[in-house]
Amino acid sequence: MSAAPIITLIDYDAGNLASLEGALDRMGLAYRRATSPDQAAATGPIVLPGVGHFDAAQRSLAERGWWRALPELVAEGRPLLGICLGLQLLAEGSEEAPRAAGLGLIPGIVRRLGPGVKVPHMGWSQVRQHMAHPALPDPKGAWLYFVHSYALEPSTESVYLADHGRPFAAIEARGMVMGFQPHPEKSGRPGLLLLQSALTWMGARTPVPEEPCN
Amino acid sequence: MPAKRVIPCLDVKQGRVVKGVQFKGLRDIGHPVELARRYDAESADELVFLDISASLEARGTRESWVRDVAHELSIPFTVGGGVSKVEDARSLLRAGADKVAVNSAASLRPALVTELADAFGRQCVVAAVDVKRDPKLGWRVYLKGGTEPTERSAKDWLWELNELGAGEILLTSMDRDGTGDGFDLPLLDWASELPIPLIASGGAGHEVHFLEALEHGADAVLAATLFHENLLPIPRLKAYLAEHDLSIRI
């Protein structure tokens, strides 16, 4: 029997794992926490959550060995989903930490929101489709929950866009690397459906109950 | 602009949601998780839990219900009550709260707000401020649930909180709280000039009051009894607000 893919949740003191785990439990997706790369599941998507400062998160990931390991895992074809600050860390860099580089797994720079709007952008905003994606249908103006002061500039390959003073990338995807600026685990039912559909597309599976022996 | 938010506020004591009943103390109205599920289903945009447990042991039970709520709830929630150091906030955020609210402790030691913002980002830091109209100061800041006057003017304090690193202000008018006469609109007029989001609290008695508060610049409206007693169901309130051309998540 081959091991079913299990979602690896990166645990580095910069993410709200309790909420994410609750969401995965409600969807019936199998996951495990991993503080270092050697604890990652052998297959299945890796989720990089994140709240807080870009450079603090970057340091914390580096101390735990993830900063080196993530590009290698992605090069081996492992799917990677960044959420909120997790998305920003995937980019090339951020104005929040001009001297620290990002992982560079998604092209583009993360820039501060504003001027002319309240920052942080905190609350429910509507998203719209920009590019078609096999896992992410037209959101049709769905409301998702955002909490952030910086955002990735839109690109021609942004999947969803949202606006706060200016348009920004709400969901960005490059192959099996994907980033969500909103918190899908905090966005009610539409958020859970998006998370489920992204993770399932990345290979996550609902655990199959064991068959009885006879 | 993000949608205007409708936020039920829940008082928690020793792990149970309670409601004050005049002259009769507190009545138990359920487990935080039950209420959280109900409000999630009713399309509340966010929840605020204020833990009014006095003793330290009671605080210990807090992490456990915060964890349960985080596990069940698919909308954001704030937890406040007795947060006076970074470690208090860390344990709440670790348990799954999205934001922490600070009140008296921030007024007594303003650096706390900066420490929290530095440790967790300002989006995690809600500064709760209780104010009363005052002939000398315009609006005066009160501590300890509105029982202890300070020498601070609300206007100065709100701008200072913004400078210190608060990500959001939860502003309660003690004059209006519990009256059902509507929010203190002149208060909201100037407070909404702050560059950070403003949650209006105190005085909601009718759906038109919420509309007024949002039209006077509040980014979110908070109430307790109206929602707990189902006097004004949240879906009805949100439909009403949307009919009046506000940006509302339905």
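Residues numbered from 1 in each chain as written. Chains lettered and ligands numbered in written order. Predicted model: local features only at pLDDT ≥ 70, side-chain atom pairs only at ≥ 80, totals over all residues. Heavy atoms only, no water.

In the structure shown here, the tally under the stated rule is 7 aromatic pairs over all chains. Ring centres 5.6 Å apart and planes at 65 degrees place the aromatic pair W124(A) and Y145(A) in the edge-to-face group. A residue pair is termed long-range when its members are at least 10 positions apart, and W124(A) in strand 7 (residues 121-126) and Y145(A) in strand 9 (residues 143-148) qualify at 21 residues. Both rings, one in F146(A) and one in F168(A), keep their centres 5.7 Å apart while their planes meet at 90 degrees; by these two values the pair is edge-to-face. Here F168(A) lies in strand 12 (residues 166-174) and F146(A) lies in strand 9, a separation of 22 residues in the sequence. Across this residue pair, the class does not change: F146(A) and F168(A) are buried. Put simply, the rings of F49(B), W65(B) and F77(B) touch in pairs and so form one group of aromatic residues. In this structure, K132(B) packs its charged tip against the face of Y142(B), placed 4.5 Å from the ring centre. In this structure, R152(B) is placed above the aromatic ring of W157(B), and the distance from its NZ or CZ to the ring centre is 4.0 Å. (Phe/Tyr/Trp six-rings, centres within 6.5 Å; stacked < 30°, edge-to-face > 60°. Helix = DSSP H or I, 4+ residues; strand = E, 2+ residues; numbered from the N terminus. Buried < 20%, exposed > 50% of the residue type's maximum accessible area, 1.4 Å probe, protein only. Lys NZ or Arg CZ within 6 Å of the ring centre and 35° of its normal.)

Listed as interface residues are 29 residues of chain A and, on the opposing side, 40 residues of chain B. Carbon and sulfur atoms supply 54% of the area that chain A and chain B bury against each other, a total of about 2500 Å² over both sides. The largest share of the area that chain A buries against chain B comes from K118(A), M122(A) and W124(A), three residues that together contribute 29% of it. Joining chain A to chain B, the criterion identifies 2 salt bridges. A salt bridge links D219(B) to K118(A); the nearest nitrogen and oxygen atoms lie 2.8 Å apart. If you list the elements that add at least two residues to the side of chain A that touches chain B, you get helix 1 (17-27), strand 7, strand 9 and helix 5 (188-201) of chain A. (Contact = heavy atoms within 4.5 Å. Buried area = accessible area lost by both parts, 1.4 Å probe. Salt bridge = Lys/Arg side-chain N within 4 Å of Asp/Glu carboxyl O.)

Our focus in this paragraph is unusual backbone geometry. Leaving glycine aside, a negative phi is the common case for residues, and trans is the common case for peptide bonds. Note that the residue after G114(A), namely P115(A), is joined by a cis bond; omega there is 0 degrees. Within the secondary structure, P115(A) is located in the loop between strand 6 (109-112) and strand 7. Geometrically, the link from V119(A) to P120(A) is a cis peptide bond, its omega value of 5 degrees lying close to zero. Here P120(A) is to be found in the loop between strand 6 and strand 7. For Q14(B), which is not glycine, the phi torsion reads 45 degrees and is therefore positive. Relative to the assigned elements, Q14(B) resides in the loop between strand 1 (5-13) and strand 2 (16-21). Of note in this structure, S43(B) is not a glycine but carries a positive phi near 70 degrees. Mapped onto the fold, S43(B) is located in the loop between helix 1 (32-41) and strand 4 (47-51).

Time to look at the sheet that holds strand 10 (residues 150-152) of chain A. Residue and element names in this part refer to chain A. Pairing within the open sheet is mixed, and its 3 strands lie in the order 5-6-10. Where the open sheet ends on each side, the last strands, each with one partner, are strand 5 (93-94) and strand 10. Sheet topology note: the strand 6/strand 10 ladder contains 3 bridges and is antiparallel. Within strand 10, the residue paired with V110 across the bridge is L152. (Pairing = 2+ DSSP bridges.)

All names here are of chain A. Ordered by their spatial adjacency, 8 strands build an open sheet running 2-1-3-4-13-12-11-8, and the pairing between neighbours is mixed. Two strands bound the open sheet, and with one partner strand each, they are strand 2 (31-34) and strand 8 (128-129). Strand direction decides the pairing type here: strand 3 (residues 46-48) and strand 4 (residues 80-83), joined by 3 bridges, are parallel. Bridge pairing links V47 to L81 in strand 4.

Quick look at the pairing of strand 6 (residues 99-102) of chain B now. Residues and elements named next belong to chain B. Neither face of strand 6 is exposed, since K99 and A101 on one face and V100 and V102 on the opposite face are all buried. Across 3 bridges, the pairing between strand 5 (residues 77-80) and strand 6 is parallel. In the strand pairing of strand 6, G80 is matched with A101. The handedness of the strand 5 to strand 6 crossover, carried by helix 3 (residues 86-95), is right-handed. Relative to strand 7 (residues 125-134), strand 6 is paired through 3 bridges, and the arrangement is parallel. Each bridged residue has a counterpart across the sheet, and for V100 the counterpart in strand 7 is V125. (Right-handed = clockwise from strand over helix to strand, strands pointing away.)

Residues and elements named next belong to chain B. Within the secondary structure layout, E207 lies in helix 8 (residues 207-215). Taking the relative accessible area as the measure of exposure, E207 reaches 17% and is therefore buried. With residues up to four places along the chain from it excluded, the contact list for E207 reads L232, R236, L237 and Y240.

Let us look at the packing of helix 1 of chain A against helix 5 of chain A. Residues and elements named next belong to chain A. Interaxial distance between helix 1 and helix 5 falls to 11 Å at its minimum, and their mutual angle equals 75 degrees. Between helix 1 and helix 5, the angle is such that the two are roughly perpendicular. Two secondary-structure elements touch here, helix 1 through L20, A23, L24, R26 and M27 and helix 5 through L192, L195, Q196 and L199. Among the residues forming the contact of helix 1 with helix 5, the class breakdown is 7 nonpolar, 1 polar and 1 charged. (Axes fitted to C-alpha atoms, helices over the stretch in contact; angles between N-to-C directions. Parallel < 35°, antiparallel > 145°, perpendicular 65-115°, else oblique. Nonpolar A, V, L, I, M, F, W, Y, C, P; charged D, E, K, R; others polar.)

What follows is about helix 3 of chain B. Taken residue by residue, helix 3 of chain B has V86(B), D88(B), A89(B), L92(B), L93(B) and A95(B) as its buried positions. Two residues or fewer past helix 3 of chain B, G96(B) is found with a positive phi of approximately 125 degrees.

Let us now look at the side chain of K4(B). Residues and elements named next belong to chain B. Positionally, K4 belongs in the segment before strand 1. Despite being buried, K4 has no salt bridge partner; D219 is the closest side chain of opposite charge, sitting 4.5 Å away. Discounting chain neighbours no more than four positions away, the residues touching K4 are D45, L214, A218, D219, S247 and I248. (Lys, Arg positive; Asp, Glu negative; His and termini not counted.)

Here we take up the environment of A97(B). Locating A97(B) in the fold gives a position in the loop between helix 3 and strand 6. A C-alpha to C-alpha distance of 7.7 Å links A97(B) and P76(B), two positions 21 residues apart in sequence. Beyond its immediate stretch of four places on either side in the chain, A97(B) contacts N16(A), V66(B), F77(B), V79(B) and L92(B).

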